[in-house]
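The lines below spell out each chain.
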Amino acid sequence: MTKHAYIPRTTNYTLNPGDELNDLRMSDQVRPLYDHVKKFIRETVEPMSIEFAKAGEGKEDRWSFTPKQLEVLEVAKNKAKKEGLWNFFLPDDETGQGLKNLDYAYIAAELGKSPLASETMNCSAPDTGNMEVLERVGTKEQKEKWLKPLLNGEIRSAYVMTEPNVASSDAKNISTTAKLVGDEWVINGEKYYISGLGDPRCKILIVMVKTNPDAAPSKQQSQILVPRDTPGVEVLGPMYVFGQDHAPRGHMHMRFNNVRVPKENMLLGEGRGFEISQLRLGPGRIHHCMRTIGKAEKALDLMVQRGLTREAFGKKIAHLGGNMQIIAQARCEIEAMRLMVLKAAKAMDVLGNKEARVWVSMVKAMVPERACKIIDQAIQMHGATGISHWTPLAEMYQDVRHLRFADGPDEVHWMVVGRHELSMA
């Protein structure tokens, strides 16, 4: 039998103490902002969230906010804006805070612990990704008409890509068409799970369409701005997530029926849809992972609190069966996820979004799956209460579980990572 010497591959994952990618510390100058955000969530957002929920009780139209809800929310938003806690997700220091992705990762984890924190500080999806796109590729006119009110928190937006009749995890399959007729694009097609479209404040859509089926595969798609009130934009109804419609924001099923928009509504240029997608696949998409760390941390807090305040069979629940190990493993998983997300954020800062794609795919595949498991374990430790409306756990589970589709299916992200690994053989 012939013995072969083991020759290790050369990879870019080798631990190098001097590598800038391994310095995951928050910038000293951002620490005061981080502390300010935590204080604002504790003292303003959490009390406001309770008042916001009470103000919506008994409303007749599920697909609306009561005047009192909007008033409560606007008071908190105005306070955040006054205190400088506004648009800090944007890396541009004129429109945002000029934060590095690494610094924002720490802050986003805190935002993830409170459902209304992101919106209160104008850092919520899908507006974050849409604002990034408009800031980078929008014309002066597009920025004035749509980016400005989004930056001011005056309107909401939606990103329209997923389709029910094709495997749209491969964006080359997108079948909604846009044809240039004179000076207008005429759009026809069907979309679903369009998050935020049910919100009455949603005024602008960024729509992925096919403009040239005869072009090279990566040049067939384009992205177009479509005002929500354009004739022919038909909302068929809400899609449900584990039986919930998430009104009033919702995830809507819709059609474009000969929708006409000016040719100037094209973003960046015809056939550059994939290029624009890469802008969203960077910071805007990893924000979900950052916030999910906060959700997992909150689930563990609730798990520990429940485990230490309830008894069964003569013991605290935390000490029954394997619960002690479950709690310990949850802490280990959270810290592992946190480090991976910070590393992915640092990779974007150091390498750029394109070169950091493999790191982004790693966390997008790993974090929602593991966080979902921790939330599920917290539910189990709460018993029947865990699946009720008495805790936030059921809603948290729905949210994180659906990320494994909304942020691209796990399989696609694992494929990116595996393909990169094989390329170094």
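Just so it is clear, the structure is predicted and the values come from calculations on it, not from any experiment. (Residues numbered from 1 in each chain as written. Predicted model: local features only at pLDDT ≥ 70, side-chain atom pairs only at ≥ 80, totals over all residues. Heavy atoms only, no water.)

K.L.:
So what about the packing of aromatic side chains? Which residues, and what values?
P.N.:
The way to describe two aromatic rings as a pair is by their centre distance and the angle between their planes. Applying the stated rule across the entire model yields four aromatic pairs. Between Phe 88 and Tyr 104 the ring centres are 6.0 Å apart and the planes differ by 50°, which places this aromatic pair in the tilted class. Residue Phe 88 is found in the loop between α2 (67–82) and α3 (101–111), and its partner Tyr 104 is found in helix α3; the two are separated by 16 residues along the sequence. (Phe/Tyr/Trp six-rings, centres within 6.5 Å; stacked < 30°, edge-to-face > 60°. Helix = DSSP H or I, 4+ residues; strand = E, 2+ residues; numbered from the N terminus.)

K.L.:
Which residues make up the side chain of Thr 176, and what values do they have?
P.N.:
Positionally, Thr 176 belongs in the loop between β1 (156–160) and β2 (177–181). Overall, the relative accessible area of 1% leaves Thr 176 in the buried class. Within the structure, Thr 176 has its side chain in polar contact with the side chain of Glu 163 (distance 2.8 Å). Setting aside anything within four residues of it in sequence, one finds Thr 176 in contact with Glu 163, Ile 187, Asn 188, Gly 189, Glu 190, Lys 191, Met 208, Val 209, Lys 210 and Phe 256. (Buried < 20%, exposed > 50% of the residue type's maximum accessible area, 1.4 Å probe, protein only. Polar contact = N/O pair within 3.5 Å; in protein donor to acceptor, adjacent residues only side chain to side chain. Contact = heavy atoms within 4.5 Å.)

K.L.:
For the UniProt feature "domain: Acyl-CoA oxidase/dehydrogenase middle" (unreviewed entry) in the chain, give the residues involved together with the corresponding values.
P.N.:
UniProt's entry tags residues 158–258 with the feature "domain: Acyl-CoA oxidase/dehydrogenase middle" (unreviewed entry), counted in the numbering of this structure. Helix makes up 0% of residues 158–258 and strand 50%, whereas the separation of the span's terminal C-alpha atoms amounts to 19 Å. (UniProt positions renumbered as here; feature names shortened; annotations may be inferred.)

K.L.:
Any chance you could break down the domain arrangement of the chain for me, citing the residues and the numbers?
P.N.:
One can read the domain layout of the chain as domain 1 (22–152), domain 2 (156–267) and domain 3 (274–424). For domain 1 versus domain 3, the separation of C-alpha centres amounts to 21 Å. Contacts between the two partners involve 25 residues from domain 1 and, on the opposite side, 23 residues from domain 3. Carbon and sulfur atoms make up 61% of the area that domain 1 and domain 3 hide from each other, which totals about 2200 Å². When the buried surface of domain 1 facing domain 3 is broken down by residue, Leu 24, Asn 101 and Lys 113 rank first, second and third, together holding 25% of it. Where domain 1 packs against domain 3, one counts five residue pairs in polar contact (both at pLDDT 80 or more). Broken down by secondary-structure element, the contributors of at least two residues to the side of domain 1 that touches domain 3 are α3 and α5 (127–137). Its residues assigned to classes, the side of domain 1 that touches domain 3 shows 13 nonpolar, seven polar and five charged. (Domains from an automatic or database assignment. Buried area = accessible area lost by both parts, 1.4 Å probe. Nonpolar A, V, L, I, M, F, W, Y, C, P; charged D, E, K, R; others polar.)

K.L.:
Give a detailed account of helix α11 (residues 410–423), specifying residues and quantitative values.
P.N.:
The terminal C-alpha atoms of α11, which comprises 14 residues, lie 20 Å apart, in line with the 20 Å expected from a rise of 1.5 Å per residue. For α11, the complete set of buried residues consists of Asp 410, His 413, Val 416 and Val 417. Down the axis of α11, the buried set is contained in an arc of 135°. They therefore lie on one face. Across from the buried face of α11, at angles greater than 90 degrees, the exposed residues are Glu 411, Leu 422 and Ser 423. Buried positions along α11 lie against α9 (357–382) and α10 (393–406). (Expected span 1.5 Å × (residues − 1). Arc of directions from axis to C-beta.)

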